[in-house]
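Coordinate inspection notes
Okay, here's what each chain looks like letter by letter:
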Amino acid sequence: MQTWFHDNPVVSYLLILAFTIYIFNAVFRMGKLPILKEIIVHIIMAIGCLVLLLLQLDKLPIIQCMSVAVIMMLMLRGRQMYDKWRAKRGGGEAAVKRTES
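Summary of the structure given here. (Residues numbered from 1 in each chain as written. Predicted model: local features only at pLDDT ≥ 70, side-chain atom pairs only at ≥ 80, totals over all residues. Heavy atoms only, no water.)

1. Topic: helix H2 (residues 9–28)
Quick note on the threshold: Secondary structure follows DSSP: runs of H or I at least 4 residues long count as helices, runs of E at least 2 residues long count as strands, and numbering of each begins at the N terminus. Expected span of a helix, by definition, is 1.5 Å for each gap between consecutive residues, and there is one gap fewer than residues. Under the scheme applied here, a residue whose accessible area is under 20% of the maximum for its type counts as buried, over 50% as exposed, and between as partly exposed, the area being computed with a 1.4 Å probe on protein chains only. Residues are treated as being in contact if the distance between any of their heavy atoms lies within 4.5 Å.
The end-to-end C-alpha distance of H2 is 27 Å, a good match for the 28 Å that 20 residues give at a rise of 1.5 Å each. Buried residues of H2: Ser12, Tyr13, Ile16, Leu17, Phe19, Thr20, Ile23 and Phe24, and no others. Those residues of H2 that are buried lie in contact with helix H1 (2–7), helix H3 (35–57) and helix H4 (62–90).

Shown next, in the form of structure tokens:
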């Protein structure tokens, strides 16, 4: 797989950029930015992804590591949604169980 990413640098760059934007939005974003600042942040991320692309082309598993991070974030997001759904569905039961223990 590493050689395929090396042979297709455009696809590698787009994957790295997509993973970087998702990780930024999921972890580091504090709130909505004005549009100009948003554009500047994404341009800086796009330039920074070139460094990660160079590391990927130098046979380091950047895409694989970022994909593991994204999968773990999605699992956490799914767990949080499940807990919220369960609390909404069970409503009073959760409060009773907390007071008993």
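Read on, since the account is not over.
2. Things to note about the environment of Pro9
Topologically, Pro9 is positioned in helix H2. With relative accessibility at 34%, the residue Pro9 sits in the partly exposed group. Along the chain, Pro9 and Leu53 lie 44 residues apart, while their C-alpha atoms are 7.7 Å from each other. Filtering out sequence-adjacent residues up to four positions away, Pro9 remains in contact with Leu53 and Leu57.

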